[in-house]
Amino acid sequence: MFYSLKKAVMCKALAKRNKQQPFDYERAEAFSLQGVEDSMVNNSYYFSAHDSKISVYARLGRRVNVDETWFCVLLEGKLYSLRQEFFPAGESPLTVKRAGENWTIRFEGTVNDSERAVFSATFVASHPPIDFTSHMPAARMAGAIANEKWDRTYFNALQQVSGQCHYEQEGVLEGNLTLGSQTLPFRLPCVRDHSFGKRDWNFMNNHLWLMAVSPQCQFNYSLVSYPVITALEVGNFRDGSGMHYMLESDLDFRKVDNGVVPGELDLCIRLDNGESLPVRAKVLSGVTYRFQDGAYNLHENIADFELGNQRCRGILEIGFNSDSKRFFNQRDYHSIKR
């Protein structure tokens, strides 16, 4: 009963906040690090595009002192990836720029230590953005917060989470990829992700992100654990009937709490249209990235997906704090109300 009361109180507070501070897309698109001095403030751009033959992902995480840089291609079963993860601020071989309503992405550098790659593409949105704060059902965040012990110290610490902005948008990524002497034109369904605000990787316990995209559908499931929120789950699924948001999932947390990348994952999510969607993800290949001197290890994996009767490709991203005792705050899973 106490949990239900806390959840109801938090739902009301979140609804009020979202009404007073609605998502401002243009302001979010224009965010920059100009005038920022805190190296913990992050402005991150991520693009993930897939079909049955080729997968591409790229990330530029800008900070005042460093450019966190990812570039990876899976082509005909072979993985090509940028080995260097960090570059001095402004010196990344990956550039991301807004061009009117679109975004351009360009990479020129060495992959797999010795192979030259040139990548140039434009992202054109096909669907409205989804803000993880205001568009997801308030019950998801409210329930996660209601699981915790409340006091003034707790709500002060919670600001480390609520101060971030994170949204995604579905579209098409079109361009050319040159590997050695081979040039490949492509046009791929894509999801772009933009997040900004304070991001201390060592503040995270562990997380999981499943994303799949095709012309027919797009799927997202996100799970993150912080010291102040043991388990926050959100998600959405777009098909021919429109966008639907996740109300709950049955993911077995034991499959993602051992510091190991799962080869396969199965779960079922219940959507706000009353339907249930069975999900299966199978890892194909991936790259491990290490943040803050190894304090947090993130594994970015390209994966095949089955979403009900639809097949597509996407990402199985999973990350773990170097301190394994922090996973899910060592909570008994039965004590976490979902």
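Please read all numbers here as calculations on a predicted model, not as lab measurements.

Some points on the packing of helix α1 (residues 2-20) against helix α3 (residues 138-146)
At a closest axis distance of 8 Å, the pairing of α1 and α3 adopts a crossing angle of 135°. On the basis of their axis angle, the class for α1 and α3 is oblique. Here α1 and α3 pass one another in a crossing that is right-handed. Of the residues in α3, those touching α1 at Y3, K6, K7, M10, C11 and L14 are A138, A139, M141, A142, G143, I145 and A146. Residue composition of the contact of α1 with α3, grouped by class: 10 nonpolar, one polar and two charged.

Here we look at the layout of surface pockets
Roughly 1300 Å³ of volume is contained in the largest pocket. Element by element, the count of residues in the lining of the largest pocket is highest for strand β11 (residues 182-198), at five residues. For the lining of the largest pocket, the residue count by class is 25 nonpolar, 14 polar and 11 charged. Within this model, the second largest pocket holds a volume of roughly 230 Å³.

Re the pairing of strand β10 (residues 165-179)
In this structure, strand β8 (residues 115-125) lies alongside β10, joined through nine bridges in antiparallel fashion. Opposite T122, over in β10, you have E174 as the bridge partner. Sheet analysis places strand β9 (residues 130-131) next to β10, joined by two bridges and oriented antiparallel. Residue pairing for β10: I130 is matched across the bridge by E168. Taken together, the 15 bridges between β10 and β11 define a ladder with antiparallel strand orientation. Looking at the pairing, H166 lines up with S195 of β11.

What to know about the pairing of strand β2 (residues 54-62)
Taking burial as the measure, the nine residues of β2 include eight buried ones, the bulk of the element. Bridge analysis of strand β1 (residues 41-50) against β2 gives eight bridges, and the strand direction is antiparallel. When the bridges of β2 are listed, H50 appears paired with S55. Here β1 folds back onto β2, and the loop between the two strands holds three residues. When β2 meets strand β3 (residues 66-75), the two strands line up antiparallel, connected through nine bridges. By the bridge assignment, R59 is partnered in β3 with W70. Taking the residues that link successive antiparallel strands as the turn, the β2-β3 hairpin has three residues.

Observations concerning the packing of aromatic side chains
Per the counting criterion, the structure on display carries 26 aromatic pairs. Consider the rings of W70 and F291, whose centres lie 6.5 Å apart with planes at 40°: the pair is tilted. Here F291 lies in strand β17 (residues 276-291) and W70 lies in strand β3, a separation of 221 residues in the sequence. On the basis of an interplanar angle of 55° and a centroid distance of 6.5 Å, the ring pair of F219 and F305 is categorised as tilted. Of this pair, F219 sits in strand β13 (residues 218-225) while F305 sits in strand β18 (residues 296-307), placing them 86 residues apart in sequence. Among the aromatic side chains, those forming a connected cluster through ring pairs are Y46, Y57, W70, F86, W201, W209, Y289, F291 and Y296.

A short note on the sheet that holds β18
With respect to topology, eight strands assemble into a closed barrel ordered β12-β13-β14-β15-β16-β17-β18-β19, the strand pairing being antiparallel. Here the average twist between neighbouring strands, direction ignored, is 30°. Pairing analysis gives seven bridges linking strand β16 (residues 264-271) to β17, with the strands arranged antiparallel. Bridge pairing in β17 places L265 opposite A281. Contacts from α3 reach β14 (232-239) and β15 (242-249) within the one sheet, and its direction differs from that of β14 by about 165°.

Focus on the side chain of N321
Along the chain, N321 turns up in strand β19 (residues 310-321). The exposure class of N321 is buried, given its relative accessible area of 4%. Within the local environment of N321, its side chain forms a polar contact with the backbone oxygen of M204, the two atoms lying 3.0 Å apart. Non-local contacts of N321, meaning those with residues more than four positions away in its chain, are made with N202, M204, N205, A295, Y296, R326 and F327.

Describing the nonpolar core
Of all hydrophobic cores here, the largest spans 38 residues; its most connected members are Y57, W70, Y226, V228, I229, Y289 and I315. Put simply, the parts of the chain that give this core at least two residues each are α1, β3, α3, α4 (152-162), β12 (206-213), β14, β17 and β18. Excluding residues within four positions of it along the chain, W70 makes contact with Y46, Y57, A58, R59, L94, Y289, F291, L298, E300 and E317. Formed by 30 residues, the second largest nonpolar core is a distinct cluster that contains L210, A231, F253 and I269.

Conventions and cut-offs
Residues numbered from 1 in each chain as written. Predicted model: local features only at pLDDT ≥ 70, side-chain atom pairs only at ≥ 80, totals over all residues. Heavy atoms only, no water. Axes fitted to C-alpha atoms, helices over the stretch in contact; angles between N-to-C directions. Helix = DSSP H or I, 4+ residues; strand = E, 2+ residues; numbered from the N terminus. Parallel < 35°, antiparallel > 145°, perpendicular 65-115°, else oblique. Left-handed = near helix turned anticlockwise from the far one by under 90°. Contact = heavy atoms within 4.5 Å. Nonpolar A, V, L, I, M, F, W, Y, C, P; charged D, E, K, R; others polar. 1 Å grid on protein atoms, 1.4 Å probe; cavity = no way out; pocket = protein on both sides within 12 Å on 5 of 7 lines; lining within 4 Å. Points joined across faces, edges and corners; volume = space filled by probe spheres on them. Pairing = 2+ DSSP bridges. Buried < 20%, exposed > 50% of the residue type's maximum accessible area, 1.4 Å probe, protein only. Phe/Tyr/Trp six-rings, centres within 6.5 Å; stacked < 30°, edge-to-face > 60°. Polar contact = N/O pair within 3.5 Å; in protein donor to acceptor, adjacent residues only side chain to side chain. Core = buried A, V, L, I, M, F, W, Y, C linked by side-chain atoms within 4.5 Å.

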